[in-house]
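Chain by chain, the residues run as shown.
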Amino acid sequence: MSEQSVVVLVWNNYTSVTILTLISYDYLLLFEKEVKFLWKRQWSLMSCLYVIVRYLGLFLAMVCGTFGGLLYMPEAVSYALAVLMEWGFSVYFWFAEVILIWRLCALYNQSKRLLYVLLATLLPIVALEIGTDIYLYCKASFKLGPMTAIYTSIPIICYDIFLVVLAVVILVKHLKERRSIRVRPNTYVIMIVRYHIIYFVLNLTNQILLVVLWANIPAPAISLSELFVSSAPFILAPRLIISIWDTHTHNECAFVSTTFEDCFWHALQLFIE
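Residues numbered from 1 in each chain as written. Predicted model: local features only at pLDDT ≥ 70, side-chain atom pairs only at ≥ 80, totals over all residues. Heavy atoms only, no water.

*Asks:* Which parts of the structure should I look at to understand the overall build of the protein chain?
*Replies:* Helices and strands together make up the secondary structure of the protein chain, namely 9 helices and 0 strands. The secondary structure elements of the protein chain, listed N-terminal to C-terminal, are α-α-α-α-α-α-α-α-α. Counting all 273 residues of the protein chain, 44% fall into the buried class. Put simply, of all contacts in the protein chain between residues at least 6 apart along the chain, 79% involve residues at least 24 apart. For the protein chain, the computed accessible surface area is about 14300 Å², with 69% contributed by carbon and sulfur atoms. (Helix = DSSP H or I, 4+ residues; strand = E, 2+ residues; numbered from the N terminus. Buried < 20%, exposed > 50% of the residue type's maximum accessible area, 1.4 Å probe, protein only. Contact = heavy atoms within 4.5 Å. Areas by Shrake-Rupley, 256 points an atom, 1.4 Å probe, with all protein chains shown as cover.)

Laid out in structure tokens, this is it:
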């Protein structure tokens, strides 16, 4: 084994241990609230979405943490895990976007027209990711190259910019209305917009690092990029849902037997009025 291979393996092991530590620590931090807000309450569509992003993300992070050298794997197993991770990342991204779309539509008075427009514009991006995954792994072509990665990331970044703009527009409108009547801004509105902006920044960073991974860069830079790509996306989406659940228990609907959605729509109705 060459010296360069040893360096790559060492950095991969450091990255793997860090990924496993971060995702495990985050899961333990949120587990108590998860039991309180999910497992002890009536289930809803948002509960199902939470379970998907929480445990699919946890599974993918664990696979990423053990992939590439931390554990010995035959070549066939390694290839199968690479395919699984690529498709898993795509599916996770789709569900995370759906959560953001649903929350954004809530801010726009549950607008079905906006919901249909956002879902319709998301479909071409989903089709693009499916095509990219098929091209990469079903044909065993691992030579995507940075330019192709840049081209495929542009629609995703533009779509997230569109979501952020919509969120900021409704926030500005809300702040102006509340300021005119001297009332404090709605907590849910600020929280959702904040998470939209954070998600956009993290997803932009994620797309840039995914492009970097296809370039010829040193092992430390690759390992740090993989660390971010394999951990940050799986932490943010579950925290968005948990944060809203946690916030509403300390407001008007605290410790009421109604479902989260009822309380959420009630709070937004106050904002709309």
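*Asks:* How do you make sense of the pattern of salt bridges when you look at a structure like this?
*Replies:* Under the criterion given, the structure shown has 2 salt bridges. R239 is the partner of D26 in a salt bridge, and the nearest nitrogen-oxygen pair spans 2.7 Å. Of this pair, D26 sits in helix 1 (residues 3-39) while R239 sits in helix 8 (residues 232-248), and the two are 213 residues apart along the sequence. Several salt bridges converge on common partners, so that one network encompasses D26, R54 and R239. (Salt bridge = Lys/Arg side-chain N within 4 Å of Asp/Glu carboxyl O.)

*Asks:* Whenever I open this one, the packing of aromatic side chains confuses me. Can you help?
*Replies:* Geometry of an aromatic ring pair is reported as the spacing of the ring centres plus the angle between the planes. Applying the stated criterion across every chain, the model contains 5 aromatic pairs. Geometrically, the ring pair formed by Y27 and F31 is tilted, given 5.7 Å between the ring centres and 45° between the ring planes. Highlighted residues: Y27 and F31, both in helix 1, separated by 4 residues, approximately one helical turn. In this structure Y27 comes out as buried when scored by relative accessible area, which is 17%. Of the residues examined, F31 reaches a relative accessible area of 37% and is grouped as partly exposed. Between Y92 and F234, the ring centres sit 4.9 Å apart and the planes meet at 85°, which makes this aromatic pair edge-to-face. One end of the pair, Y92, is in helix 3 (residues 75-107); the other, F234, is in helix 8, and 142 residues separate them in sequence. On the accessibility criterion, F234 (0% relative accessible area) is buried. Three or more aromatic residues joined by ring pairs form one cluster here, namely Y27, F31 and Y55. For R103, the ring lying beneath its charged end belongs to W102, and the centroid distance is 5.3 Å. (Phe/Tyr/Trp six-rings, centres within 6.5 Å; stacked < 30°, edge-to-face > 60°. Lys NZ or Arg CZ within 6 Å of the ring centre and 35° of its normal.)

*Asks:* I would appreciate a short explanation of unusual backbone geometry in the present structure.
*Replies:* Most peptide bonds are trans, and most residues other than glycine sit at a negative phi. The backbone of R182 shows a phi angle near 55°, a positive value even though the residue is not glycine. Its relative accessible area of 81% is what places R182 among the exposed residues.

*Asks:* For this particular structure, what's the right way to read the confidence of the model for the protein chain?
*Replies:* Detailed reading of the predicted coordinates is not advisable wherever pLDDT is low. Across the protein chain, the average pLDDT comes to 77, with 77% of residues at 70 or higher. Element-level mean pLDDT values for the protein chain span from 44 in helix 9 (residues 260-272) up to 89 in helix 2 (residues 45-66). When the criterion is pLDDT under 50, residues 252-273 qualifies, and its contacts beyond four places in sequence or with other chains add up to 40 contacts. (pLDDT = per-residue confidence, 0-100.)

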